[in-house]
Amino acid sequence: MTALAALLRRDIAVALRAGGGALIGVLFFVSVVVVMPFALGPDLALLKRIGPAILWLGAMLASLLTLDRLFTADQDDGSLDLIVMSRTPLELSCAAKALAHWLAAGVPLIVATPMIGILLNLDADATFAVALTLMVGTPALTFTGMIGAALAVTLRRGGLLLAVVVLPLSIPVLIFGVAASNAAIDKPGSFGTPFSILCALSLVSLVVGPFAAAASLRQGLD
């Protein structure tokens, strides 16, 4: 547990330092949301109706933007080999790295949601609903994206492979995240079903993601 805690602290510190990638994801997320009202025009009703979808799409793309640094920095400085050969199970190390990535890159997106929801004409209840679904759903984006990051770290043109692998896996999370947000705004009585499925997707990715990523790293580094 001490080694996992040290790995968690190290990855968070690396992600938050200049050039670490976490702030780039937040800036990209804010940029996407800020540009949308200019592209769609001054129709406030339209902005309010598609606001949750814009926030979720921005969060998904921002998460994908920073996932390529999950293992590449460790491979570049040689620490990835030490992580693979350490006595700590590789599955737990992958889970710790994914958790650090979510804390450094995912949580700031959730914190920024209430502030930029105003630009999409969302009221306080709607913004809270979107932030709640992002808090539950973004771990699924991180843990499924970790599989693509592990596959891409040992291959050339890994960034392209990361997008090809991760995007299809992220579509169900996007669908049920937007569905839960819209249900909370329009039909509060039907909020439970898509929200429960979103929670289930995060739990499944939490279990499957570390094992799949660890298997990919062992296969790729052998």
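Here, every reference points to the structure presented above.
Since the structure is predicted, the reported quantities are computational estimates derived from the model, not experimental observations.

*Asks:* Is there a simple way to think about unusual backbone geometry in this case?
*Replies:* With glycine set apart, most residues show a phi of negative sign, and most peptide bonds adopt trans. One non-glycine residue, Asn121, adopts positive backbone phi at about 60 degrees. Tracing the backbone through its elements, the reader meets Asn121 in the loop between helix H6 (90-116) and helix H7 (124-152). The exposure class assigned to Asn121 is partly exposed, which follows from its relative accessible area of 33%.

*Asks:* Just checking my understanding: could you explain the packing of helix H3 (residues 44-67) against H7 for this structure?
*Replies:* What describes two packed helices is the angle between their axes and the distance between those same axes. Between H3 and H7, the least distance of the axes is 10 Å, while the angle of their chain directions is 30 degrees. In terms of axis orientation, H3 runs roughly parallel to H7. Every pair of crossing elements has a handedness; the one defined by H3 and H7 is right-handed. On H7, the residues that touch Pro52, Leu55, Trp56, Ala59, Met60, Ser63 and Leu67 of H3 are Val130, Thr133, Leu134, Gly137, Thr138, Leu141, Thr142, Gly145, Met146 and Ala149. Looking at side-chain class alone, the contact of H3 with H7 contains 11 nonpolar, 6 polar and no charged residues.

*Asks:* Even after reading the chapter, I still don't get the side chain of Ser63, so can you show me in this structure?
*Replies:* Residue position: Ser63 is located in helix H3. Beyond its immediate sequence surroundings of up to four residues, Ser63 is in contact with His101, Leu141 and Thr142.

*Asks:* Looking at this structure, how should I read H3?
*Replies:* An α-helical turn contains 3.6 residues, so any two residues separated by three or four positions project in the same direction. End to end, H3 covers 33 Å across 24 residues, agreeing with the expected 34 Å (1.5 Å per residue, within 8%). Along H3, the sharpest change in direction is near 55 degrees and occurs at Ile50; proline Pro52 comes one to four residues later.

*Asks:* Sorry if this is basic, but what is going on with the environment of Phe71 here?
*Replies:* Structurally, Phe71 is set in helix H4 (residues 69-77). Residue class for Phe71 comes out buried when judged on its relative accessible area of 2%. The spacing of Phe71 and Gly58 is 13 residues in sequence and 23 Å in space, taken between C-alpha atoms. Those residues in contact with Phe71 that sit more than four places away from it in its chain are Leu80, Cys94, Lys97, Met146, Ala149, Ala150, Val153 and Leu217.

*Asks:* Even after reading the chapter, I still don't get the pattern of salt bridges, so can you show me in this structure?
*Replies:* When their charged atoms lie close together, side chains carrying opposite charge are able to pair. The final tally for this structure, using the stated rule, is 4 salt bridges. Notably, a salt bridge pairs Asp123 with Lys48, separated by 3.9 Å at the nearest N-O pair. Taken together, the residues Asp123 in the loop between H6 and H7 and Lys48 in helix H3 connect sequence positions 75 residues apart. Residue Asp123 is classed as partly exposed on the basis of its relative accessible area of 38%. Using a relative accessible area of 35% as the deciding quantity, one classes Lys48 as partly exposed. In this structure, a network of salt bridges that share partners links the residues Arg10, Asp11 and Lys97.

Cut-offs applied
- Residues numbered from 1 in each chain as written.
- Predicted model: local features only at pLDDT ≥ 70, side-chain atom pairs only at ≥ 80, totals over all residues.
- Heavy atoms only, no water.
- Helix = DSSP H or I, 4+ residues; strand = E, 2+ residues; numbered from the N terminus.
- Buried < 20%, exposed > 50% of the residue type's maximum accessible area, 1.4 Å probe, protein only.
- Axes fitted to C-alpha atoms, helices over the stretch in contact; angles between N-to-C directions.
- Parallel < 35°, antiparallel > 145°, perpendicular 65-115°, else oblique.
- Left-handed = near helix turned anticlockwise from the far one by under 90°.
- Contact = heavy atoms within 4.5 Å.
- Nonpolar A, V, L, I, M, F, W, Y, C, P; charged D, E, K, R; others polar.
- Expected span 1.5 Å × (residues − 1).
- Bend = angle between axes of the 7 residues up to and from the residue.
- Salt bridge = Lys/Arg side-chain N within 4 Å of Asp/Glu carboxyl O.

None of the figures reported here should be taken as evidence of function without further support.
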